[in-house]
Amino acid sequence: MRFRELGNTGIKVSEIGLGAEWLERHNTEEVKAVIDACEKEGINILDCWMSEPNVRSNIGLALKGRRRNWIIQGHIGSIWEAGQYVRSRDLKKVKPAFEDLLARLQTDYIDMGMIHFVDTAEEFERVVNGEFMEYVRQLKKEGTIRHIGMSSHNPEIAKMAACQGEIEMILFSINPAFDMLPPVTDLEEYFAEQYDEKLGGIAPEREELYKLCEQNRVGITVMKGYAGGRLFHAQTSPFGVALTPVQCLHYALTRPGVAAVMVGFDNPGHVADAIAYETASDEEKDYASVLASAPSHAFSTGQCTYCGHCAPCPSRIDIAMVNKLYDLAVMHKEVPGTVRAHYGQLEANAADCIGCKGCESRCPFHVPIAERMQKTKELFS
């Protein structure tokens, strides 16, 4: 495993990390198996943004006796309310939620105290200039958090964070589909003749962010490196071609400022798929030639990455899971029996959607969720 400096924190992290959100759907033994596999391979950083109590407890049990082996990104502002994840800036709710994180992880400190999910300029200003930031500063002064970070999906907000002065690292979404905007209107010409592995094909605001972070020594850890798994299949990839985990990792790890990619693992096999990057050949890492011959391109807007930020739902629908099952179903001529079975086991499903669209206001990728719920309802009826 190769290790990288995380900005100016003085901390070295494994270039492949554990993004723990998919552990939310696994039991204690399965969570431990994944964390054991990660540690065996030299992975030393994990991100826990989830507020769901069981997954926090399961991670804590898995880390018991080896807390010092891990760098933890723990989020401030992710709370559990009425049985659902909620993003909050209300300190009366934020403080006990963060204390719950510490208790369930069985630790008295968090390495990276992450200001959770800031995607608008107005909210950024409210957070960094108000009582929320005062609370974060106090946590750092006490040693409860060692460094201050922020998570965002918006490059303009991430740039504001990189220049703020106190924010030392950023959790940001990076993959080829999110990054690459065509500079010409003829997409076939762009991919056939103008594609370059260098930064030339990246949206200017993203290119500027990565260079700014490198210049200011603000570290980046990457979320959505696989685009929720969409990039692994030609049917769901916006390029019309499939990429491998190794190619996705290589793309993210060659961006300026990036220290680690936080990968979602469902089982030890997925850990092995990612660790293959450490011994992969140049040919295996080469994403450029694959994208150069890609038949199409689509922007990231409107594509669900199953991140869960759409929650909470008044009908208690697990929107991320419903969207994932829908995407799996439409890859086939008929809905596979296993997919239908998983859908049938959901506590609430697309048929329970009331069309309030509150989820759409929280979605960082502007997915038309209510419309997708209607399509899902019809597909599975």
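Refer to the structure presented above.
Below or above, wherever it landed, is the structure these notes cover. Just so it is clear, the structure is predicted and the values come from calculations on it, not from any experiment.

What counts as what
- Every chain is numbered on its own, with residues counted from 1 as its sequence reads.
- Side-chain atom pairs in this predicted model are given and counted only at pLDDT of 80 or more, local residue features only at pLDDT of at least 70, and totals for whole chains, interfaces and linings cover all residues.
- No hydrogens and no water enter the side-chain calculation; it runs on all heavy atoms of the structure.
- Each helix corresponds to a stretch of at least 4 residues labelled H or I by DSSP, and each strand to a stretch of at least 2 residues labelled E; elements are numbered beginning at the N terminus.
- For the exposure calls, accessible area comes from a 1.4 Å probe over protein chains only, and a residue counts as buried if that area is under 20% of its type's maximum, exposed if over 50%, partly exposed in between.
- Contacts are residue-level and defined by heavy atoms, with any inter-residue pair within 4.5 Å sufficient.
- Note that accessible areas follow from Shrake-Rupley with a 1.4 Å probe, and for residues the cover is restricted to the protein chains shown.
- Residues grouped as a nonpolar core are buried Ala, Val, Leu, Ile, Met, Phe, Trp, Tyr and Cys residues, joined through side-chain atoms within 4.5 Å.
- At least two DSSP bridges between two strands are needed for those strands to be called paired.
- Fitted lines through C-alpha atoms give the axes, limited to the stretch in contact for helices. The angle between two N-to-C directions lies from 0 to 180 degrees.
- What counts as a salt bridge is simple: a side-chain nitrogen of Lys or Arg found within 4 Å of a carboxyl oxygen of Asp or Glu.

1. A look at the overall build of the protein
Here is step 1: Secondary structure summary: the protein contains 17 helices and 12 strands in total.
Here is step 2: For the protein, the spread of C-alpha atoms along the principal axes amounts to about 55 × 50 × 45 Å.
Here is step 3: In the protein, buried positions account for 56% of the 381 residues.
Here is step 4: For the protein, contacts bridging at least 24 residues in sequence account for 76% of all contacts bridging at least 6.
Here is step 5: Per element, the accessible surface of the protein, about 16,100 Å² overall, is 49% carbon and sulfur.

2. Let's talk about the nonpolar core
Here is step 1: Counting residues in hydrophobic clusters, the biggest one holds 114 residues, and the most contacted among them are Ile16, Leu18, Ile59, Phe98, Ile115, Ile174 and Phe265.
Here is step 2: Listed in part, the 13 residues of the second largest apolar core include Leu6, Ile45, Met169 and Ala260.

3. Notes on the environment of glycine 83
Here is step 1: In this fold, glycine 83 is placed in the loop between strand 6 (78-81) and strand 7 (84-87).
Here is step 2: Sequence separation between glycine 83 and serine 51 is 32 residues, and the spatial gap between their C-alpha atoms is 9.9 Å.

4. Looking at the sheet that holds strand 9 (residues 145-152)
Backbone hydrogen bonds are what pair the strands of a sheet, in a parallel or an antiparallel way.
Here is step 1: Taken together, eight strands build a closed barrel; the order of strands is 3-4-5-8-9-10-11-12 and the barrel is parallel. On average, each strand axis in the sheet is tilted by 30 degrees relative to the strand beside it, whichever way the strands run.
Here is step 2: As judged from the three bridges shared by strand 11 (residues 219-223) and strand 12 (residues 258-264), these two strands associate in the parallel manner. Bridge pairing in strand 12 places threonine 221 opposite alanine 260.

5. Details of the pattern of salt bridges
Here is step 1: Using the criterion set out here, one finds 25 salt bridges in the structure.
Here is step 2: For the salt bridge of lysine 32 with aspartate 36, the shortest nitrogen-to-oxygen distance reads 2.8 Å. On the criterion of helical spacing, the pair formed by lysine 32 and aspartate 36 is a turn pair, its members being four residues apart in helix 1 (residues 28-40).
Here is step 3: Accessibility expressed as a relative area gives 40% for lysine 32, which makes it partly exposed.
Here is step 4: Judged by relative accessible area, aspartate 36 falls into the partly exposed class, the value being 28%.
Here is step 5: Salt-bridge contacts for glutamate 208 lead to lysine 159; the nearest nitrogen and oxygen are separated by 3.0 Å. Of the two residues, glutamate 208 sits in helix 9 (residues 204-216) while lysine 159 sits in helix 6 (residues 155-164), which places them 49 residues apart along the sequence.
Here is step 6: The partly exposed category is assigned to glutamate 208, whose relative accessible area is 45%.
Here is step 7: Here the salt bridges do not stand alone but share partners, grouping Arg2, Arg4, Glu15 and Glu278 into one network.

These figures come from the coordinates and say nothing about function on their own.
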